[in-house]
Structures are given as structure tokens and as C-alpha cells.
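# Secondary and tertiary structure notes
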Amino acid sequence: QVQLVESGGGLVQAGGSLRLSCAASGSIFSINAMGWYRQAPGKQRELVATITSGGSTSYADSVKGRFTISRDNAKNTIYLEMNSLKPEDTAVYYCNADISQRLLSLYRNNYWGQGTQVTVSS
């Protein structure tokens with residue numbers, strides 16, 4: 001089985017910073033891509049940022065210029081550096097990964113972490 005564990009969430013004042021981490025573990029052959037999603041109460045889950053195995057990144061317009069996604073391939077870990085945080089960034093942040101457990105594409109699946117709460121006060 002594959003597990004994703006997020007950490008680094010917490011309470012911060014507007015304008016502050018946080019760094020989220022997501023570590024993938026278990027039976028992993030390769031990781032094609034990983035990303036961060038978030039979900040605020042009463043709202044749908046939305047994509048925040050993604051990073052591919054080749055290092056290509058993408059960001060939601062609402063966070064571009066403030067958030068940075070990065071990776072540590074040796075640790076199967078990604079990070080989300082969040083700067084200039086706003087109250088509207090308050091949400092549960094979820095890690096997502098596209099992982100292959102075997103060489104064949106039949107064993108390629110999508111996984112979710114348990115989420116970590118980020119609260120930005122005004």
C-alpha cells in the first residue's frame with residue numbers, strides 16, 4: 001500500500017508564511033506527479049499547485065507569485081512554501097500523488113493524503 005502524510009499546517013496571521021510537507025511511502029516504483037489541493041468549508045476541493053517528475057510546475061491563479069511547490073526526489077517528498085498568506089487561503093490542504101507500484105501502467109494509481117489544516121487570521 002501507498003501512504004501520503006502531510007504536515008506543517010497551523011494557525012498564522014495574514015501576511016505570514018507556512019511550509020507544508022507531503023511524504024510518500026510504501027510500495028512505490030515511481031512517482032509521475034504530485035500536487036496540492038485545498039478545500040474550504042462549504043466549497044469544492046480545488047487544485048493549488050502541481051509538480052511533475054521532470055520538475056515542471058503549475059499554480060492556481062489565486063496563489064501564483066505567493067506559493068512555491070518543490071520536491072525532494074530522494075525522500076519522495078514535496079513541499080508547498082506559502083508566503084503572504086491571506087484569510088481566503090484558510091482550508092484543509094491535501095496532498096495528491098500519481099504513483100506507479102509496478103512498471104506496467106495497470107499498477108498506476110492516484111492517492112490522497114489525510115489533509116492538514118491551514119488557518120489564516122485577519
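Residues numbered from 1 in each chain as written. Predicted model: local features only at pLDDT ≥ 70, side-chain atom pairs only at ≥ 80, totals over all residues. Heavy atoms only, no water.

## Some details on the pattern of salt bridges
Inspection of the entire model under this criterion finds 4 salt bridges. Across the pair Asp89 and Arg66 runs a salt bridge whose closest N-O atoms are separated by 2.8 Å. Taken together, the residues Asp89 in the loop between β8 (77-82) and β9 (91-100) and Arg66 in the loop between β6 (57-59) and β7 (67-72) connect sequence positions 23 residues apart. A single burial state applies to Asp89 and to Arg66, both of which are buried. Residues joined by salt bridges that share partners form a network here, namely Arg38, Glu46, Arg66 and Asp89. (Salt bridge = Lys/Arg side-chain N within 4 Å of Asp/Glu carboxyl O. Helix = DSSP H or I, 4+ residues; strand = E, 2+ residues; numbered from the N terminus. Buried < 20%, exposed > 50% of the residue type's maximum accessible area, 1.4 Å probe, protein only.)

## Focus: the packing of aromatic side chains
Evaluation of the coordinates by the stated rule reveals 1 aromatic pair. A cation sits over an aromatic face here: Arg45 above Tyr94, 3.8 Å from the ring centre. (Phe/Tyr/Trp six-rings, centres within 6.5 Å; stacked < 30°, edge-to-face > 60°. Lys NZ or Arg CZ within 6 Å of the ring centre and 35° of its normal.)

## Regarding the sheet that holds strand β3 (residues 18-26)
If you trace the 4 strands from one edge of the open sheet to the other, you get β1-β3-β8-β7, paired in antiparallel fashion. Unpaired on one side and paired on the other, β1 (2-7) and β7 mark the two borders of the sheet. Across the sheet, the mean angle from the axis of one strand to that of its neighbour is 15°, orientation sign disregarded. (Pairing = 2+ DSSP bridges. Axes fitted to C-alpha atoms, helices over the stretch in contact; angles between N-to-C directions.)

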